[in-house]
Amino acid sequence: MILDLLTIFFILLPISILIHELGHALPIVLSTKSGEANIFLGTPHKENKLAFSIRKIHFYLGLGLSGFCLISNYKDIPPLSNVQRLLVDACGPLFSLIAGTLAYGLSISAESFQYAYPFAAVNFCLFLTSVIPVTYPGFFGALSGYPSDGLRIYQNLRESFNDKTIG
């Protein structure tokens, strides 16, 4: 039981966070010519982290139960359009939902992999906690004070709607 909980918190949760943050990074690098993304596991700082890159996505992995994806060269690229920002904000939760759904399907069909169901549960929880439109409260640690993906999606859609009705 203890080993299962340690596996969930120190292996499955970080992998789920990386999948979620990769969902944010891919639209950045795919929808811009020179956009690059930094993915952080833990706080959004580069110090004391395992660092590596895969093409235009740079990973900074440390201890932590949160993740961040930032455009690393935002000054060198044109501002993202509303559609690009919407994709960046929505693809993190979407990747969590897809990973959870695939893991759940695996848990039903392949009973030999004991961590498929907990991996699905972690991804569904990550999806839900990121898609609800809120500013994260203090007990969310490094995410405290940041808007959730759902809030950023809501703000982007509201801004897009207001721009079209005014013009």
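Since this is a predicted model, take the numbers as computed values, not measurements.

A. Fine view of the packing of helix α1 (residues 2-31) against helix α3 (residues 116-131). With their axes 10 Å apart at the nearest point, α1 and α3 run at an angle of 50 degrees to one another. As summarised for this structure, α1 and α3 are arranged oblique, according to the angle between their axes. Where α1 crosses over α3, the two elements pack in a sense that is right-handed. Here Ile-8, Leu-12, Leu-13, Ile-15, Ser-16, Ile-17, Ile-19 and His-20 of α1 come into contact with α3, specifically with Pro-118, Phe-119, Val-122, Asn-123, Leu-126 and Ser-130.

B. Structural detail: the nonpolar core. Judged by nonpolar contacts, the single largest core of 16 residues is most densely connected at Ala-25, Ala-37, Ile-39, Ile-57 and Cys-69. When residues in this core are grouped by element, the largest group, five residues, is from α1. When neighbours within four sequence positions are excluded, Ile-57 is seen to be in contact with Leu-22, Ala-25, Leu-26, Val-29, Ala-37, Ile-39 and Phe-52.

C. Region of interest: the layout of surface pockets. Approximately 930 Å³ is the volume found for the largest pocket. As for the largest pocket, its lining consists of 37 residues, of which Glu-21, Gly-67, Tyr-136, Leu-143 and Asp-149 are closest to the centre. Contributing elements (two or more residues each) for the lining of the largest pocket: α1, β4 (67-71), α2 (82-109), α3 and α4 (149-166). Residue contributions to the lining of the largest pocket peak at eight residues, all from α1.

The rules behind each value
- Residues numbered from 1 in each chain as written.
- Predicted model: local features only at pLDDT ≥ 70, side-chain atom pairs only at ≥ 80, totals over all residues.
- Heavy atoms only, no water.
- Axes fitted to C-alpha atoms, helices over the stretch in contact; angles between N-to-C directions.
- Helix = DSSP H or I, 4+ residues; strand = E, 2+ residues; numbered from the N terminus.
- Parallel < 35°, antiparallel > 145°, perpendicular 65-115°, else oblique.
- Left-handed = near helix turned anticlockwise from the far one by under 90°.
- Contact = heavy atoms within 4.5 Å.
- Core = buried A, V, L, I, M, F, W, Y, C linked by side-chain atoms within 4.5 Å.
- Buried < 20%, exposed > 50% of the residue type's maximum accessible area, 1.4 Å probe, protein only.
- 1 Å grid on protein atoms, 1.4 Å probe; cavity = no way out; pocket = protein on both sides within 12 Å on 5 of 7 lines; lining within 4 Å.
- Points joined across faces, edges and corners; volume = space filled by probe spheres on them.

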